[in-house]
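Observations on the three-dimensional arrangement
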Amino acid sequence: MEGKEEDVRLGANKFSERQPIGTAAQTDKDYKEPPPAPLFEPGELKSWSFYRAGIAEFMATFLFLYITILTVMGVSRSPSKCASVGIQGIAWAFGGMIFALVYCTAGISGGHINPAVTFGLFLARKLSLTRAIFYMGFEPHQYQMAGGGANVVAHGYTKGDGLGAEIVGTFVLVYTVFSATDAKRNARDSHVPILAPLPIGFAVFLVHLATIPITGTGINPARSLGAAIIFNRDHAWDDQWIFWVGPFIGAALAAVYHQIVIRAIPFKSRA
């Protein structure tokens, strides 16, 4: 009987009633932060996986554009919004395709499909400059070939409104990417099932619902540039800077916020 009571006592001490959360959950055996990616990695240029990743980004961008641009064209050409999928359908098309394609390509290239995402991950030193430039080179061309609706600031909104919408929208997307793919979160909270493409796709969906009436939703410089080239109208080019400055600022802010505030990586390196 005494032995059983001893087992109960030890068990109670071994498994505490309250599970520590946040910084209290970190121990000496906690997840170790991987070293930052090198700025330039010459060995990547000799690896087939490097070029396979670029091809995966190319195909993912093509498939993404095929579905989403056809959806936009269908809504634009419809005589009545009630006879089409409407703004909600466009948002679902963008968010749903990101969900599907990130799921398919995350293990090969990371499933960026967006230069702003690539830029944010590069600032966080999650990939090398070599790979970042390589991805950005593969991502825009499909937008130029497929065309689609150009991003412009809608009537009734100022350029400042459009810039703010693009900054906040891209911040939401890139911050979600960081959080959903955080290896430490997966390692420490393994009891929580996390399917990274789902929150990323849902973030794209929500951002589109919020910003389509303002800018048509850019949050992706490659998409905005390609559509402007095909559309080739003065007002599209007048607003083009918004869809580059906004996403890159939003991506940079998301990278800084996640790496410094949420993960406190600079402070850990000093310890």
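Here the structure is shown first, and the text comes after it.
Residues numbered from 1 in each chain as written. Predicted model: local features only at pLDDT ≥ 70, side-chain atom pairs only at ≥ 80, totals over all residues. Heavy atoms only, no water.

For the rest of this paragraph, the subject is the pattern of salt bridges. For the coordinates displayed, the defined rule picks out 3 salt bridges. Residue arginine 131 pairs with glutamate 44 through a salt bridge whose shortest N-O separation is 3.1 Å. With arginine 131 in helix H5 (residues 129-138) and glutamate 44 in the loop between helix H1 (2-14) and helix H2 (48-77), this pair connects stretches of sequence that are 87 residues apart. Linking aspartate 182 and arginine 263 is a salt bridge whose minimum nitrogen-to-oxygen distance equals 2.8 Å. Residue aspartate 182 is located in the loop between helix H7 (159-180) and helix H8 (183-188), and its partner arginine 263 is located in the loop between helix H12 (242-262) and helix H13 (265-270); the two are separated by 81 residues in the primary sequence. When sorted by exposure, aspartate 182 lands in the same class as arginine 263, which is buried. (Salt bridge = Lys/Arg side-chain N within 4 Å of Asp/Glu carboxyl O. Helix = DSSP H or I, 4+ residues; strand = E, 2+ residues; numbered from the N terminus. Buried < 20%, exposed > 50% of the residue type's maximum accessible area, 1.4 Å probe, protein only.)

What follows concerns the packing of aromatic side chains. Scanning the model with the defined rule gives 12 aromatic pairs in all. Pairing phenylalanine 50 with phenylalanine 134 gives two aromatic rings, centres 4.4 Å apart and planes at 20°, and the pair type is stacked. Residue phenylalanine 50 is found in helix H2, and its partner phenylalanine 134 is found in helix H5; the two are separated by 84 residues along the sequence. There is no split in this pair, since phenylalanine 50 and phenylalanine 134 are both buried. When the centroid spacing of 4.7 Å and the interplanar angle of 85° are considered together, the rings of phenylalanine 119 and phenylalanine 248 count as edge-to-face. Placement of phenylalanine 119 in helix H4 (residues 115-123) and of phenylalanine 248 in helix H12 is noted, with a sequence separation of 129 residues between them. Overall, phenylalanine 119 belongs to the partly exposed group, its relative accessible area being 22%. (Phe/Tyr/Trp six-rings, centres within 6.5 Å; stacked < 30°, edge-to-face > 60°.)

A few words now on the side chain of glutamine 240. The topology assignment puts glutamine 240 in the loop between helix H11 (234-238) and H12. One polar contact links glutamine 240 to tryptophan 244, side chain to side chain, over a distance of 2.9 Å. Beyond its immediate sequence surroundings of up to four residues, glutamine 240 is in contact with Ser224, Leu225 and Ala228. (Polar contact = N/O pair within 3.5 Å; in protein donor to acceptor, adjacent residues only side chain to side chain. Contact = heavy atoms within 4.5 Å.)

The next subject is the packing of H4 against H12. Contact pair H4 / H12: the axes reach a minimum separation of 8 Å and the direction vectors enclose 35°. With respect to the hand of their crossing, H4 and H12 are arranged in right-handed fashion. In this structure, H4 uses Pro115, Ala116, Phe119, Gly120 and Leu123 to contact H12, whose residues at the interface are Pro247, Phe248, Ala251, Ala252 and Ala255. Partitioned by chemical class, the residues of the contact of H4 with H12 number 9 nonpolar, 1 polar and no charged. (Axes fitted to C-alpha atoms, helices over the stretch in contact; angles between N-to-C directions. Left-handed = near helix turned anticlockwise from the far one by under 90°. Nonpolar A, V, L, I, M, F, W, Y, C, P; charged D, E, K, R; others polar.)

All of the buried residues in helix H10 (residues 221-231) are Pro221, Ala222, Arg223, Ser224, Gly226, Ala227 and Ala228. Just downstream of H10 lies asparagine 232, where phi reads positive at about 50°.

Another aspect to go through is the environment of glutamate 166. Position of glutamate 166 relative to the elements: it lies in helix H7. Sequence separation between glutamate 166 and glycine 218 is 52 residues, and the spatial gap between their C-alpha atoms is 6.7 Å. At a separation of 2.8 Å, a polar atom in the side chain of glutamate 166 contacts the side chain of threonine 215.

Inspection of the secondary structure assignment puts alanine 180 in helix H7. Between the C-alpha atom of alanine 180 and that of proline 199, which follows or precedes it by 19 residues, the distance is 7.0 Å.

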